[in-house]
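Here are the chains, one letter per residue:
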Amino acid sequence: MAEEESKSFSVELSEKGGIENKGFVQNETLNECNANSQEEIPETCAVGINSATVQNQDCEVLKPFAGMPKEVLLKFSSQARYKVTREILFWLIIASTPVLVGATIAIVAVSPKCLGWWQASPIYQIYPRSFKDTNKDGNGDLKGIQEKLDHIMYLNIKTIWITSVYKSPLKDFGYGVEDFRDVDPMFGTMRDFENLIAAIHDKGLKVIMDLIPNHTSDKHSWFQLSRNRTGKYADYYIWHDCAHTDGTITPPNNWVSVYGNSSWQYDEVRKQCYFHQFGKEQPDLNFRNSAVLEEIHDIIKFWLGKGIDGFSINTVKFLLEATHLRNEPQVNKSQNPESISAYSELYHDYTTTQVGMHDIVRSFRRTLDKFSNEPGRYRFMGTEANNQENIEATMMYYGTSFIQESDFPFNFYLINMENLSGNSIFETVSLWMKNMPKGKWPNWAVGDPSTARITSRIGKEYTNVINMLLLTLPGTPTTYYGEEIGMENIATENVTFPEKSPMQWNGNLHAGFSEGNLSWLPVNLDYQNVNVEVQKTQPNSTLNLYRELNLLRNNELPIHRGWMCYIWNDSNVFVYLRELDGLDKVFIMVLNFGQESIIDLKAVVSELPSEATIRLSTNFSNTGKVVNTKTIKTEKGEGIVLEYKTRKTVHTMETFQGKCFVAEKACYSSALNILYMHC
């Protein structure tokens, strides 16, 4: 009995001394040393890790138990276990650390620059007055844009361009600004604007807006102070003496405004003439006055502070004029100088693109850069120069390799193209690509608020193929609202800008644009069939084709950022290829801008496979078909995207040297599934 009791010796602290256990563990047994003896148990019984180490004590080895004190724990932890394995793992970790760090640095070093948000997505341009009316006054408003953000998401577009919403007398449709720091009441309030910006950003979208620095409205407070020669504002505009006799004005020179007639207007208050490149209600600011430049910088900061992601800066080539005021040369030297009244009758050597103008634009860039320090918050700057007659002058707005100017000058060359054919499309695209500075990013537009819509300009049958061109060329495409459903100009007399007709949302009254009694412009009569709601349900609609093309652009690297090579062009078709080094997937676009055509692509590119698959077609029923590359047939206005596999890149072939272009060069590694620069 005594023997059993001795074996169940409690782990509690013995009143007579014994083995100390600072953690109670039920049912743990601990043997006494000399249990039958009345002698005091030693202070420390050999808590052996190895029983062979127990010396001169007749006690069993103490095993690990839950709640053991630190002293006991340290005795167990002092014996090595898996020593060799641990050492091997330790040194492997030490050796692999610099390898991993080096590999990371190498991957970062060879990786191409990620595309910016302004490069990754098309831009959707909105004329706010015609987009969506929410207060039933017949005019679109800021709340209307917010209400329709899901439509832009449906199109897979991430960037919105909102044209002028500044407070304005609405001369020239809002481009004569009365207050650069306020929203016109027609569109809503500043709170509406702030709510719109927040909603846009909540959906992961970006937004840019117009900036019109060249001139103001004659209602602007600056002009009112200037005409009264008040303080610093006296020279905010360009004033000059001019003869004014019996109601007849003799201007300082022969300069003509863009809208025709003299660009000088006499002011009865100041008794001088002020200069205006556009309407007489839009006096030009004097950018040779540093205070004016500082005012514009403050306006840029104001809107960036509101959350704007960038600007389209209008009419930049007009910012400076020559100070000598000499007459501009006549186009027709035999014309009577007194009869000159049209803008096209003069060479505008002294009123556009003057020395120092680009310095002003670059200063705008520097201000935007100060707001671009946060990750993901790069502030975009595009310029609208419209130097249609001078491509070299347009390219100067890109800046240089050392000094950045605009991210790109907006490209309106496809809009201004007069004759449509495969050859003319090729020439227009090639004009931009071959003149664009190396390493810069192209962009394209086929519609805007001042030009007839695609469908009205070139015909309904070419609407889809022009959208296919827009979304498969390299660079950033810009889509004017309504082009995604093929809207036409309204056929109504006495309408100055029929391309600004209200957006056609559905078949309801006013095409769903407004629930009021009237809209500011009539809705096109075709709205019952040409609207967003109807086209969403039609698989072969312009809307769904646009959406599929944009998905293709976003999901396929060769189209998103690969090489473009010209393959063929004639009076009917324009054919080009998109490929990426290291990727065996290649796309060929065959776009018909003329009549029915059959071409032999195999004869043009001998390395082509004998067959290719139609990845996407303006005729959805052809999508997925396999075609013979020797006989590619397209109907009038048809466009097809062919896909095939090959490891032989066209841009490296001698035949196509000088016919291939790439903006942000990248190569694909299938082994690592990454992009890298040095191919």
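So, here's what we can say about the structure. Along each chain, residue indices are assigned from 1 in the same order as the chain's sequence is written. Only residues with pLDDT of at least 70 are given local features in this predicted model, and only at 80 or more are side-chain atom pairs given and counted; all residues enter the totals for whole chains, interfaces and linings. The basis for every side-chain value is the complete set of heavy atoms in the structure, and neither hydrogens nor water enter the calculation.

Overview of the overall build of the chain
Step number 1: Tallying secondary structure elements over the chain gives 18 helices and 26 strands in all.
Step number 2: In this scheme, a residue with accessible area under 20% of its type's maximum is buried, one over 50% is exposed, and one in between is partly exposed, where area comes from a 1.4 Å probe on protein chains only. Here the chain holds 679 residues, and the buried ones make up 54% of them.
Step number 3: Contacts between residues were defined by any pair of non-hydrogen atoms, one from each residue, lying within 4.5 Å. Counting only contacts in the chain whose residues sit at least 6 apart along the sequence, the fraction spanning at least 24 positions is 67%. Put simply, DSSP marks the helices as runs of H or I at least four residues long and the strands as runs of E at least two long, and each gets a number from the N terminus on.

Looking at the pairing of strand S10 (residues 272-275)
Step number 1: Both faces of S10 are covered, namely the face carrying Gln 272 and Tyr 274 and the face carrying Cys 273 and Phe 275.
Step number 2: In this description, strands pair whenever DSSP reports at least two bridges between them. Both strand S6 (residues 239-240) and S10 contribute to a ladder of two bridges, which runs antiparallel. Looking at S10, one finds that His 240 is bridged to Cys 273.
Step number 3: Both strand S9 (residues 264-267) and S10 contribute to a ladder of four bridges, which runs antiparallel. Pairing of Asp 267 across the sheet is with Gln 272, part of S10.
Step number 4: Joining the antiparallel neighbours S9 and S10 is a turn of four residues, in which Lys 271 adopts a positive phi near 65 degrees.

Regarding helix H10 (residues 357-370)
Step number 1: Its 14 residues place the ends of H10 21 Å apart at the C-alpha level, agreeing with the 20 Å of an ideal helix rising 1.5 Å per residue.
Step number 2: Counting buried positions over the 14 residues of H10 gives ten, a clear majority of the element.
Step number 3: Every buried residue of H10 is accounted for by Met 357, His 358, Ile 360, Val 361, Arg 362, Ser 363, Phe 364, Arg 365, Thr 367 and Leu 368.
Step number 4: Turning to H10, the residues buried within the fold contact helix H9 (290-305), strand S11 (310-313) and strand S12 (380-383). Working rule for helices: expected span equals 1.5 Å times residues minus one.

Brief notes about the packing of helix H14 (residues 463-472) against helix H16 (residues 542-555)
Step number 1: Where H14 contacts H16, the axes come no closer than 9 Å and their chain directions differ by 15 degrees. Considering their axes alone, H14 and H16 lie roughly parallel with respect to each other. The two elements H14 and H16 meet at a crossing, and its hand is right-handed. Note on element contacts: H16 touches H14 through Thr 542, Leu 545, Tyr 546, Leu 549, Asn 550 and Arg 553, opposite Thr 463, Asn 464, Asn 467, Met 468, Leu 471 and Thr 472.
Step number 2: Under the convention adopted here, Pro, Cys and the residues Ala, Val, Leu, Ile, Met, Phe, Trp and Tyr are nonpolar, Asp, Glu, Lys and Arg are charged, and Gly plus all remaining residues are polar. The class makeup of the residues in the contact of H14 with H16 is five nonpolar, six polar and one charged. For helices, the fitted line uses only the C-alpha atoms of the stretch in contact; every axis is such a line through C-alpha atoms, and the angle between N-to-C directions lies from 0 to 180 degrees. Convention used here: angles under 35 degrees read as roughly parallel, angles over 145 as roughly antiparallel, angles from 65 to 115 as roughly perpendicular, and any remaining angle as oblique. In this scheme the handedness of a crossing depends on how the near helix is turned from the far one: anticlockwise by less than a right angle means left-handed, clockwise means right-handed.

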